[in-house]
Amino acid sequence: MSIHAHPDDQDFTVAGTLAKWAQAGCQIVTVIITDGSAGSNDPAHGPDYKPTLARIRADEQRAANAVLGVKETIFLGYPDGELTASIQLRKDLTRLIRQYKPQAVVTGDPTGFFYGNGYINHPDHRAAAEAAAYAVFPSAGSRPIFADLINEGLEPHEVERLYIHGAEKPDTWVDISQTLESKIEALKKHASQTDTHEVDDWMREWAEEEGKEKGLKFAEAYRVMILKEETQPE
Ligand SMILES: [Zn+2]
């Protein structure tokens, strides 16, 4: 289960890994928390444009997921740009984790405040990552937390691994040499957000940079929290 704040976050960061897992037969669910409606700073786009932009961006995310082999895309519809790691959000994510029972959850780093000297991490990203991490643990696996979910028939579920991208000290590298092209193609589906001409070089350089330390041509780097022993295939 890939959990991110905005349409396109996943595709900038972890799409190579998701495409690789999909090719290996994994079922992947993408959860987009906000409606993406703040993704335009054009003065011509007033508040009336927000529902239109939300629709455009949802379509872009579905198209990107089709490229990656992700079959299911869930939009929680929180207002873009105003996200907090609220108990309500943690509960919504807990519900989804119990419904879909993922082995792994992939999200950002809630501790990532600044990246380099040029980028303050978007507060929605941090809020999404914090809510996702705390939904994974302890909420999803604990019966007494959000006890009314039990009445919805949602039994506790323990996630085995939490994959955190954008971590300061990564410990796991996924070789995306075979899926980098899919990542770039997926990213280009977000035409309302990305300069499709620059995406190729940018993603290639980024994946090279991430792989360098491990001698991989192209990689995505993670800190992985191992929360439970892996289930053996039957
Ligand atoms: Zn974002």
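Up top is the structure these notes are about.
Calculation notes
Residue indices begin from 1 for each chain and proceed along its sequence in written order. Reporting of local features is limited, given that this is a predicted model, to residues whose pLDDT is at least 70; pairs of side-chain atoms are given and counted only at 80 or more, and all residues count toward the totals for whole chains, interfaces and linings. By convention in this description, side-chain values take in all heavy atoms of the structure and omit both hydrogens and water. Burial classes follow relative accessibility: with a 1.4 Å probe on protein chains only, a residue under 20% of its type's maximum area counts as buried, one over 50% as exposed, and anything between as partly exposed. Only DSSP runs of H or I reaching four residues or more are called helices, and only runs of E reaching two or more are called strands; each is numbered from the N terminus. The patch calculation keeps residues exceeding 30% relative accessible area without a salt bridge and links them within 9 Å when they carry like charges or within 5 Å when they are nonpolar (Val, Leu, Ile, Met, Phe, Trp, Tyr). Reported accessibility uses the Shrake-Rupley method at a 1.4 Å probe radius. Residues are deemed covered only where the shown protein chains occlude them. Any carboxyl oxygen of Asp or Glu within 4 Å of a side-chain nitrogen of Lys or Arg constitutes a salt bridge here. With water excluded from the atoms, a metal site may look incomplete; its donors are any N, O or S atoms within 2.8 Å, or within 3.2 Å for Na, K and Ca. Any two rings among Phe, Tyr and Trp, with Trp reduced to its six-membered ring, count as a pair given centres within 6.5 Å; such a pair is stacked if its planes are under 30 degrees apart, edge-to-face if over 60, and tilted if neither. A ring has a charge above it when a Lys NZ or an Arg CZ is no more than 6 Å from the ring centre and no more than 35 degrees off the ring normal. Angles here are taken between N-to-C directions and fall from 0 to 180 degrees, while the axes themselves are lines fitted to C-alpha atoms, restricted in helices to the stretch in contact. With respect to orientation, any angle under 35 degrees is reported as roughly parallel, any angle over 145 as roughly antiparallel, any angle of 65 to 115 as roughly perpendicular, and every other angle as oblique. Left-handed describes a crossing whose near helix is turned anticlockwise from the far helix through less than a right angle; right-handed describes the clockwise counterpart. The contact criterion used is simple: two residues touch if any of their non-hydrogen atoms lie within 4.5 Å. Three classes are used: nonpolar for Ala, Val, Leu, Ile, Met, Phe, Trp, Tyr, Cys and Pro, charged for Asp, Glu, Lys and Arg, and polar for all others, with Gly counted as polar. Within this scheme, the nonpolar core is defined by two criteria: the residues are buried Ala, Val, Leu, Ile, Met, Phe, Trp, Tyr or Cys, and they are joined through side-chain atoms within 4.5 Å. Charge assignment: positive for Lys and Arg, negative for Asp and Glu; neither His nor the chain ends contribute. Where a charge lies is defined by one atom per residue type: Lys uses NZ, Arg uses CZ, Asp uses CG and Glu uses CD.

A.B. asks: So what about helix α2 (residues 15-23)? Which residues, and what values?
C.D. replies: A15, G16, T17, L18, A19 and A22 are the residues of α2 that are buried. Two residues or fewer past α2, G25 is found with a positive phi of approximately 100 degrees.

A.B. asks: Got a sec to walk through a nonpolar patch on the surface? Specific residues and values, please.
C.D. replies: A cluster of nonpolar side chains, F113, F114 and I120, forms an exposed patch at the surface whose accessible area comes to about 360 Å². In this fold, I120 is placed in strand β6 (residues 119-120). Judged by its relative accessible area of 58%, I120 is exposed.

A.B. asks: So what's going on with the coordination of the zinc ion? Residues and values would help.
C.D. replies: At this site the zinc ion is bound by H6 (ND1), D9 (OD) and H125 (NE2), with donor distances of 2.0 to 2.1 Å. Given a relative accessible area of 10%, D9 falls into the buried group.

A.B. asks: Break down the packing of aromatic side chains for me, with residues and values.
C.D. replies: Under the counting rule described, the total for this entry stands at six aromatic pairs. With a centroid separation of 5.1 Å and an interplanar angle of 80 degrees, the aromatic rings of W21 and Y163 are classed as edge-to-face. Of this pair, W21 sits in helix α2 while Y163 sits in strand β7 (residues 161-165), and the two are 142 residues apart along the sequence. Ring geometry for Y115 and Y119: centres 6.5 Å apart, planes at 25 degrees, overall stacked. Residue Y119 is classed as partly exposed on the basis of its relative accessible area of 38%. Within the aromatic cluster, the residues linked to one another by ring pairs are F12, W202 and W206. Above the plane of the ring of W206 lies K183, whose end atom (NZ or CZ) is 5.8 Å from the centre.

A.B. asks: I'd love a proper account of the packing of helix α4 (residues 87-100) against helix α5 (residues 123-139), names of residues and values included.
C.D. replies: Relative orientation of the contacting elements α4 and α5 amounts to 55 degrees, with a least axis distance of 8 Å. Between α4 and α5, the angle falls in the class oblique. At the point where α4 passes α5, the crossing takes the right-handed sense. Across the interface between the two elements, L89, R90, L93, T94, I97 and R98 from α4 touch A127, A131, A132, Y134, A135, V136 and S139 from α5. For the contact of α4 with α5, the residue count by class is nine nonpolar, two polar and two charged.

A.B. asks: Now, about the packing of helix α7 (residues 180-188) against helix α8 (residues 199-212): what can you tell me, with residues and values included?
C.D. replies: Look at α7 against α8: their axes get within 10 Å of each other, and the N-to-C directions meet at 140 degrees. Looking at the two axes, α7 sits oblique to α8. Considering how the two elements wind past one another, α7 and α8 form a crossing that is right-handed. The residues of α8 that touch α7, namely those facing L180, E181, K183, I184, L187 and K188, are V199, D200, M203, R204 and A207. Classifying every residue of the contact of α7 with α8 gives six nonpolar, no polar and five charged.

A.B. asks: I'd like a rundown of the nonpolar core, residues and numbers included.
C.D. replies: Counting residues in each nonpolar core, the largest one holds 26 residues, and the members touching the most others are M1, I3, I33, L83, L93, I97 and V105. Secondary-structure elements contributing two or more residues to this core are β2 (29-34), β3 (72-78), α4, α5 and β7. Ranked by the residues each element gives to this core, the list is headed by α5, at seven residues. Sequence-distant contacts of L83, that is, excluding residues within four places in its chain, are made with A5, I33, T34, Y78, L89, P123, D124, A127 and A128. Core analysis: the second largest hydrophobic core is formed by 25 residues, A64, V70, L180 and F218 among them.

A.B. asks: Could you give an account of a negative patch on the surface, with specific residues and numbers?
C.D. replies: Taken together, the side chains of D195, E198, D201, E205 and E208 define an acidic patch exposed on the protein surface. The residue D195 is located in the loop between α7 and α8 in this model.

A.B. asks: Before we move on, could you go through the pattern of salt bridges and cite the residues and values that matter?
C.D. replies: Applying the stated criterion to the full structure yields 12 salt bridges. Notably, a salt bridge pairs K91 with D148, separated by 2.7 Å at the nearest N-O pair. In this pair, K91 is assigned in helix α4 and D148 in helix α6 (residues 148-151), connecting sequence segments 57 residues apart. Here E181 makes a salt bridge to R204, at a shortest N to O gap of 2.9 Å. Separated by 23 residues along the polypeptide, E181 in helix α7 and R204 in helix α8 bring together distant segments of the chain. Connected via shared salt-bridge partners are E181, K188, D200 and R204.

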